[in-house]
Amino acid sequence: MTDRYGAAHRLWLRSFHQAAPGAPRLLCLPHAGGSASFYFPVSKALSPAVDVLAAQYPGRQDRLAETPARSVQELAEGVFRALGEGDGTPLALFGHSMGALVGFELARLLEAAGRPPAVVFLSGRRGPSLHRTETVHEGGDARLIEEVGRLDGTDTALFEDKELLEMILPALRADYRAVETYRRAPGPRLHCPFVVLTGDADPRVTPEEARAWDQETDGPFELHVYPGGHFYLTPQQQAVVARIEATLRRLGPGGGAVS
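Residues numbered from 1 in each chain as written. Predicted model: local features only at pLDDT ≥ 70, side-chain atom pairs only at ≥ 80, totals over all residues. Heavy atoms only, no water.

**Student:** Sorry, what's going on with the nonpolar core here?
**Tutor:** Ranked by size, the top nonpolar core spans 45 residues in total, and within it Leu13, Leu27, Val79 and Leu106 carry the most contacts. Filtering out sequence-adjacent residues up to four positions away, Leu27 remains in contact with Leu13, Leu53, Ala54, Ala55, Val79, Leu83, Leu91, Ala92, Leu93, Phe94 and Leu106. The next biggest cluster of nonpolar side chains, apart from the first, holds 25 residues, and it includes Cys28, Leu46, Val52 and Tyr226. (Core = buried A, V, L, I, M, F, W, Y, C linked by side-chain atoms within 4.5 Å. Buried < 20%, exposed > 50% of the residue type's maximum accessible area, 1.4 Å probe, protein only. Contact = heavy atoms within 4.5 Å.)

**Student:** Even after reading the chapter, I still don't get the pairing of strand β4 (residues 91–96), so can you show me in this structure?
**Tutor:** Note on strand geometry: in a regular strand, side chains alternate between the two faces of the sheet. Of all 6 residues in β4, 6 are buried; the element is thus mostly enclosed. Alternating residues of β4 divide into Leu91, Leu93 and Gly95 and Ala92, Phe94 and His96, and every residue in both groups is buried. As judged from the 5 bridges shared by strand β2 (residues 25–29) and β4, these two strands associate in the parallel manner. Of the residues in β4, the one forming a bridge with Arg25 is Leu91. (Helix = DSSP H or I, 4+ residues; strand = E, 2+ residues; numbered from the N terminus. Pairing = 2+ DSSP bridges.)

**Student:** What is the right way to look at unusual backbone geometry in this model?
**Tutor:** For residues other than glycine, phi is negative in most cases, and the peptide bonds are mostly trans. Of the consecutive residues Ser47 and Pro48, the connecting peptide bond is found in the cis state with omega at 5°. Tracing the backbone shows Pro48 in the loop between α2 (40–46) and β3 (51–55). Despite not being glycine, Ser97 shows a phi value in the positive range, around 55°. For Ser97, the position within the fold is in the loop between β4 and α4 (98–112).

**Student:** Honestly, the side chain of Arg108 in this entry has me stumped. Any pointers?
**Tutor:** Along the chain, Arg108 turns up in helix α4. For Arg108, a relative accessible area of 14% puts it in the buried group.

**Student:** I tried to follow the side chain of Ser97 on my own but got confused; where do I start?
**Tutor:** Ser97 sits in the buried class, given a relative accessible area of 12%. Among all residues touching Ser97, those that are not within four sequence positions of it are His31, Ser123, Gly124, Arg125 and His230.

**Student:** Mind showing me how you'd approach the packing of aromatic side chains here?
**Tutor:** Aromatic rings in a pair are described by how distant their centres are and how their planes are angled relative to each other. Within this structure, the stated rule accounts for 8 aromatic pairs. Seen in terms of ring centroids, Phe104 and Trp213 are 5.5 Å apart; in terms of plane orientation they differ by 65°. Their pairing is edge-to-face. Residue Phe104 is located in helix α4, and its partner Trp213 is located in the loop between α7 (207–211) and β7 (221–226); the two are separated by 109 residues in the primary sequence. Exposure remark for Phe104: the relative accessible area of 1% places this residue in the buried category. A ring pair is formed by Tyr226 and Tyr232, whose centres lie 5.6 Å apart and whose planes are at 5°; its orientation type is stacked. Judged on exposure class, the residue Tyr226 and its partner Tyr232 are both buried. Members of the aromatic cluster, connected to one another through ring pairs, are Phe38, Tyr39, Phe94, Phe121 and Phe231. Seen from the ring of Trp12, Arg63 lies directly overhead, with NZ or CZ sitting 4.4 Å from the centre. (Phe/Tyr/Trp six-rings, centres within 6.5 Å; stacked < 30°, edge-to-face > 60°. Lys NZ or Arg CZ within 6 Å of the ring centre and 35° of its normal.)

And the structure:
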């Protein structure tokens, strides 16, 4: 990866653990309001067999002073630039919720550049062909906090600290705006494998809505449903990591396919 340790890479991408030489690479993309550190446990569980990277979006943690992105496409383009030209190592993508949309748009950019991802894991999000009018980002702070609490992905006690709240809300609102205003632009179907994961009690997506991702690729497709809500992947971490491991083991040296 020619830009792996360049400025853009250091700004957008985080690595928490050392990987073994020649390990396949997994790039993890956070949910709305999330940060790269959400994937620290995944990196710990998969390393050193997998080279786990996690995206750090602008407007949070060590990028707090930066203006948050206004669209899913802007986030995908930032990560794409940070990846550089690649070094031939198979690259898999894993995106949860908003991160699934970022991963999808990133996969489109990678395929258009002749560097398709080996596999795309899409978690906790309905297929982009299914539009639903959502306006949480247009409401007040209380509505935004209520929605986050409903999804059970953030300790709402954090919102009781007014100073911390002032730091969190701008990026959270920008992320919700990016998701709720996202529309899939016209373009060809992808060819890379899709592995879709979702919780059986997710209030934001049903298993059938998750299955709609199969409209976006001509490659192999899998759907896996786990017990739990929108953040099923936290209590089901062991099962999700096992699914990632099993899939990556099936990748051939040139990128492979899910069989």
